[in-house]
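# Inside the fold
Take a look at the letters that make up each chain.
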Amino acid sequence: MAGTTLAMRSMMQLSSVSRRTVSTASLALRAKPFQPCGIQTVSRVARRGYADAAPTPSPAPKPKKRFRFLRWTWRLTWLSALGLTGALAYSIYSLRYPVEQLEADPSKKTLVILGTGWGAVSLLKKLDTENYNVVVVSPRNYFLFTPLLPSCTTGLIEHRSIMEPIRNILRQKKATVKFFEAEATKIDYEKRIVYISDDSEVKGDISHTEVPFDMLVIGVGAENATFGIPGVRENSCFLKEVNDAQNIRKRIMDCVETAMFKDQTEDEVKRLLHMVVVGGGPTGVEFAGEIQDFFNEDLKKWIPEIEDNFHVTLVEALPNVLPMFSKQLIDYTESTFKEEEITIRTKTMVKNVTEKYIEAEVSNPDGTKAIETIPYGLLVWATGNAVRPVVRDLMGQIPAQKNSRRGLAVNEYLVVNGTENIWAVGDCAITNYAPTAQVAGQEGAFLARLFNTMAKTEGIEKELQTLSEQQAQAKSNDERNQILEEIRERQKQLRRTKQIGPFQYSHQGSLAYIGKERAVADISWLSGNIASGGTLTYLFWRSAYLSMCFSSRNRVLVALDWIKARLFGRDVSRE
């Protein structure tokens, strides 16, 4: 029986194996066409069975995305470029197609602004002209970006690239602004009248007239100071206006071409090619660097005969140049000038100027002084400011100004001392700050906020007066209480509006180009200053001045001038 049982179990296992084999074979026949059964077929079936039995391997991980940061940076760059292009296109369109302006309202006060310099234009830029009848009087019908004026003397930048027509500025205002291209010859404080004169070459039937005012802002700037030194005004070139830059450029090329005249003596050639700059401030330093660059990059290429005799000298009465900068930057500037072979003559005071040389008092290291004669071909006077005649005349009318010498003394709100309705900004006003474009610009912006606040205050006070009259005529307590709530609300607005403090200057820093594609910068940062100099500072200098240009038009033109000079060099023609 035991043997029979074992035999039956064996037969059952064999039948089970045979059924699995038949089932596997039938599946194989269904999946593929019939093939002769052989050893290779059996081996493939065996391998397939082994593969089915083995665990399924996990899929290979996908490769990580590389350079994701660079891709996003590229996209942001493109978006920024598109945004800037759109903003530029919109600004150009709005400049080309101004909207209609409101007409003057005789019931409003007349605000007269003298000048189109930094202070006056900064005031106009932020003033709500619909609050006043604004009149602008200036002998020049444009705003000049003076920090880049030294670059115009050598042809690096065209002078029209840094000029913004004043009518372009006034046409963008909400209300009409009148402009008269004339010079203010006299201000009558008692009568509140400005006398103006048209000094243009084309004369009309009327060249002298009067402009009455309720409020007056004086931003006429200052003249070049000669300190009473004989011959300065007759023989020097100044660097304050566009025509000054044009005269300097002509004089440079006249000196070069005259030095190349046939049979010219060696001493005369050296004199003609000696460029002297008086004044060690930013203007004098930048001009000295620009003219040396002009020589190194262009003049000596096209006129190699002048290479041994061309020379630039900077004369300064103080112990060092750029006195408003840190000692570190002063030393860096002097070392850079030494590399460029620009001579710095400090402690040298000009006493007399003739047609061909200057006489200067030189302080020696031992304390002694000596008179030295310095021949020159070009003399650029870039130092000091003097009071204009119209300002001097007004100072004589006001007793509170009798002790003023350098300009109009003003209080903390820039009101001229001794007056109630006259303000002064820029170089014609005496404040505790240096007479720079940065100071004048902030003063103009302050006055714009002040005048806007005054207009709002007057409007609220008129509303309060009207509400008080309505309250007195109210017939019921509910109506009276409602008007009283409105009066309280207007009083709150009036208190908020009047909260404007006195003028406070915020120094943003000082910049100066020193030649050889280098600049120095003394920038205010948090509670301290950052002093830097070199090529990177030069790039910062360019970007800062480009962003400070008044309009998109100026920025585009200046950038194109820089590119043009880089590609083709400066023009060495006389005109």
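The shown structure was predicted, so the numbers you read here are calculated from the model rather than taken from an experiment.

### Regarding the overall build of the protein chain
Looking only at helices and strands, the protein chain has 16 helices and 25 strands in total. Per-residue burial over the protein chain gives 40% buried out of 575 residues. Restricting to contacts in the protein chain with at least 6 residues of sequence separation, those with at least 24 account for 65%. A total accessible area of about 33700 Å² is found for the protein chain, and carbon and sulfur atoms account for 56% of it.

### Describing the UniProt feature "transmembrane region" (unreviewed entry) in the protein chain
As annotated by UniProt and renumbered to match this structure, "transmembrane region" (unreviewed entry) occupies residues 72-93. Helix makes up 100% of residues 72-93 and strand 0%, and the two end C-alpha atoms of the span are 31 Å apart.

### Some words on the pattern of salt bridges
Counted according to the given criterion, the structure contains 18 salt bridges. When the shortest N-O distance is used, the salt bridge between Lys186 and Asp393 registers 3.1 Å. Note that Lys186 is positioned in strand 6 (residues 183-188) and Asp393 in helix 12 (residues 389-397), a separation of 207 residues in sequence. Looking at Asp393, the relative accessible area reads 29%, which means it is partly exposed. For Glu339, the salt bridge goes to Arg518, with nearest N and O atoms at 3.2 Å. With Glu339 in helix 11 (residues 327-339) and Arg518 in strand 24 (residues 518-525), the pair connects residues that are 179 residues apart, well separated along the chain. For Glu339, a relative accessible area of 45% gives the class partly exposed. When its relative accessible area of 18% is taken as the criterion, Arg518 is described as buried. Members of the salt-bridge network, linked through shared partners, are Glu158, Asp561 and Lys564.

### What to know about helix 16 (residues 552-568)
Taking 1.5 Å as the rise per residue, helix 16 with 17 residues should run 24 Å; its terminal C-alpha atoms sit 24 Å apart, in good agreement. As for helix 16, its buried residues are in contact with helix 3 (68-96), strand 4 (163-165) and helix 15 (535-548). After helix 16 finishes, the residue Gly569 shows a positive phi value of roughly 80 degrees.

### Here we look at the sheet that holds strand 15 (residues 348-353)
Here we have three strands laid out as an open sheet, ordered 15-16-17, and antiparallel in their pairing. If you trace the sheet from one side to the other, it starts and ends with strand 15 and strand 17 (369-375), each paired once. Strand-to-strand, the axes of this sheet are offset by a mean angle of 30 degrees, without reference to chain direction. Where strand 16 (residues 357-363) and strand 17 come together, seven bridges link them in antiparallel fashion. When the bridges of strand 17 are listed, Ala360 appears paired with Glu372.

### Some thoughts on the packing of helix 4 (residues 118-126) against helix 13 (residues 437-472)
Packed helices, taken two at a time, are described by the angle their axes make and the gap between the axes. Two numbers describe how helix 4 lies on helix 13: the axes approach to 7 Å, and their chain directions differ by 35 degrees. Seen from above, helix 4 lies across helix 13 with right-handed handedness. Contacts between helix 4 and helix 13 involve Trp118, Gly119, Ser122, Leu123 and Lys126 on the former and, on the latter, Ala437, Ala440, Gly441, Gly444, Ala445, Leu447, Ala448, Phe451 and Asn452. For the contact of helix 4 with helix 13, the class distribution of residues is eight nonpolar, five polar and one charged.

### Some points on the packing of helix 8 (residues 242-259) against helix 10 (residues 282-302)
At a minimum axis distance of 13 Å, the contact between helix 8 and helix 10 shows a crossing angle of 45 degrees. In this view, helix 8 runs oblique relative to helix 10, as classed from their interaxial angle. Viewed along their axes, helix 8 and helix 10 form a crossing whose handedness is right-handed. Contact residues: Ile248, Arg249, Ile252 and Met253 in helix 8; Phe287, Ile291, Phe294 and Leu299 in helix 10.

Parameters at a glance
Here the residue numbering is sequential within each chain, running from 1 through the sequence in written order. Local features are withheld for residues below a pLDDT of 70 in this predicted model, meaning they are given only at 70 or higher, and side-chain atom pairs are given and counted only at 80 or more; totals for whole chains, interfaces and linings count all residues. Where side-chain values are given, they derive from all heavy atoms of the structure, hydrogens and water being excluded. The helix count covers DSSP runs of H or I at least four residues long, the strand count covers runs of E at least two residues long, and both are numbered beginning at the N terminus. The classification of residues rests on relative accessible area computed with a 1.4 Å probe and restricted to protein chains. Under 20% of the type maximum is buried, over 50% is exposed, and intermediate values are partly exposed. Any two residues whose heavy atoms approach within 4.5 Å are treated as being in contact. Surface accessibility follows the Shrake-Rupley procedure with a 1.4 Å probe radius. Residue values consider only the protein chains on display as shielding. UniProt positions are given in the numbering used here, feature names are shortened, and annotations may be inferred rather than shown by experiment. What counts as a salt bridge is simple: a side-chain nitrogen of Lys or Arg found within 4 Å of a carboxyl oxygen of Asp or Glu. Multiplying one less than the number of residues by 1.5 Å gives the expected span of a helix. Between any two strands, pairing holds if DSSP finds at least two bridges. Axes here refer to lines fitted to C-alpha atoms; in helices the fit is confined to the stretch in contact. Angles between the N-to-C directions go from 0 to 180 degrees. Should the near helix be turned anticlockwise from the far one by less than a right angle, the crossing is left-handed, and should it be turned clockwise, the crossing is right-handed. Three classes are used, and their members are as follows: Ala, Val, Leu, Ile, Met, Phe, Trp, Tyr, Cys and Pro are nonpolar, Asp, Glu, Lys and Arg are charged, and the others, Gly among them, are polar. An angle below 35 degrees is treated as roughly parallel, one above 145 as roughly antiparallel, one from 65 to 115 as roughly perpendicular, and anything else as oblique.

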